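# Coordinates in review
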Amino acid sequence: MQEKIALVPGSFDPVTFGHIDIIRRAAELYDRVYVAVMINAAKNYLFTLEQRKAIAEAAVGDIPNVTVIAFDGMLWELAKRLGACAIVKGYRNEKDLAYEKLMAEYNQEHYSDAETVLLHADQALAYISSTLVREKLAQEADLSDYLPKAGIEAIKKILHSQN
Ligand code: PNS
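First things first, this report covers the structure right here in the doc. (Residues numbered from 1 in each chain as written. Predicted model: local features only at pLDDT ≥ 70, side-chain atom pairs only at ≥ 80, totals over all residues. Heavy atoms only, no water.)

Right, let's talk about the site of the ligand for a bit. Looking at the ligand, there are 14 residues lining it, with Ser11, Ile39, Lys43, Leu75 and Lys89 nearest. Ile39 has a polar backbone atom sitting 3.0 Å from a nitrogen atom of the ligand. Within the complex, the protein chains bury 83% of what would otherwise be the 540 Å² of accessible surface of the ligand. Among the elements of the structure, strand S1 (5-10) and helix H4 (94-110) are those that each provide at least two residues to the shell around the ligand. Here the residues of the shell around the ligand are counted per class, giving eight nonpolar, four polar and two charged. (Near = heavy atom within 4 Å. Polar contact = N/O pair within 3.5 Å; in protein donor to acceptor, adjacent residues only side chain to side chain. Areas by Shrake-Rupley, 256 points an atom, 1.4 Å probe, with all protein chains shown as cover. Helix = DSSP H or I, 4+ residues; strand = E, 2+ residues; numbered from the N terminus. Nonpolar A, V, L, I, M, F, W, Y, C, P; charged D, E, K, R; others polar.)

See below:
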């Protein structure tokens, strides 16, 4: 039978336990999961595309059927290129859901072979956001509640290389 491939796209600036929960759940549902670090034209990023990829790679390296990639094009194009049958995203609240529905419609119009699958975020993790992590980072606060140790190490390595 053909491998079922899913794409978990996002900004991941940086990846958090909230994202990782969605990635793990997608990895249970599909044979292969590509975590695609991408560009949301509406956002200004703290980390570059390659840095966001490196942090995500460190943070999900223990999940065997997950591969992290970086892509600066359109999501529907990537889904088509990889032969993905699903685009998996998480939503925490009504605001997230409204935004995800618009993106799902856009991607469906351009590439209908990939179904958008929205997973409801674990509410215990819903308070975590990349914005909160960036705030904590600016305060030099402990990040261990927000992403795995390996991801924090990757962030430190990036920051040290910039100084
Ligand atoms: O984590 P985010 O910011 O919600 O992720 C949004 C992302 C990066 C998945 C989205 O902006 C995206 O798909 N960007 C790639 C370019 C694209 O396809 N844009 C059309 C989306 S309507």
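Inspection of every chain in the model, using the stated rule, returns six salt bridges. The shortest N-O distance in the salt bridge between Arg25 and Asp21 comes to 3.1 Å. Here Arg25 pairs with Asp21, and both are found in helix H1 (residues 17-29), just four residues apart, close to one helical turn. Among the ionic pairs, Asp62 bridges to Arg24, the shortest N-O distance being 3.0 Å. With a gap of 38 residues between them, Asp62 in the loop between helix H2 (49-60) and strand S3 (66-70) and Arg24 in helix H1 connect regions that are remote in the sequence. Here Asp62 falls in the exposed class, since its relative accessible area comes to 52%. Here Arg24 falls in the partly exposed class, since its relative accessible area comes to 37%. (Salt bridge = Lys/Arg side-chain N within 4 Å of Asp/Glu carboxyl O. Buried < 20%, exposed > 50% of the residue type's maximum accessible area, 1.4 Å probe, protein only.)

Every α-helix carries 3.6 residues per turn, so stepping three or four residues along brings you back to the same face. Buried residues of helix H5 (residues 130-138): Ser130, Leu132, Val133 and Leu137, and no others. Viewed end-on, H5 has its buried residues packed into an arc of 155°, placing them on one side of the element. Against the buried residues of H5 lie H1 and helix H6 (149-162). Looking one or two residues past H5, Glu140 carries a phi angle of roughly 55°, positive in sign. (Arc of directions from axis to C-beta. Contact = heavy atoms within 4.5 Å.)

Next up on the list: the pairing of strand S2 (residues 32-37). With five of six residues buried, S2 lies mostly within the body of the structure. Pairing of S1 with S2 involves six bridges; the strand directions are parallel. The partner of Gly10 across the bridge, within S2, is Val37. Remark: the S1/H1/S2 crossover connection has right-handed handedness. Across five bridges, the pairing between S2 and S3 is parallel. Directly across from Tyr34, in S3, lies its bridge partner Thr67. (Pairing = 2+ DSSP bridges. Right-handed = clockwise from strand over helix to strand, strands pointing away.)

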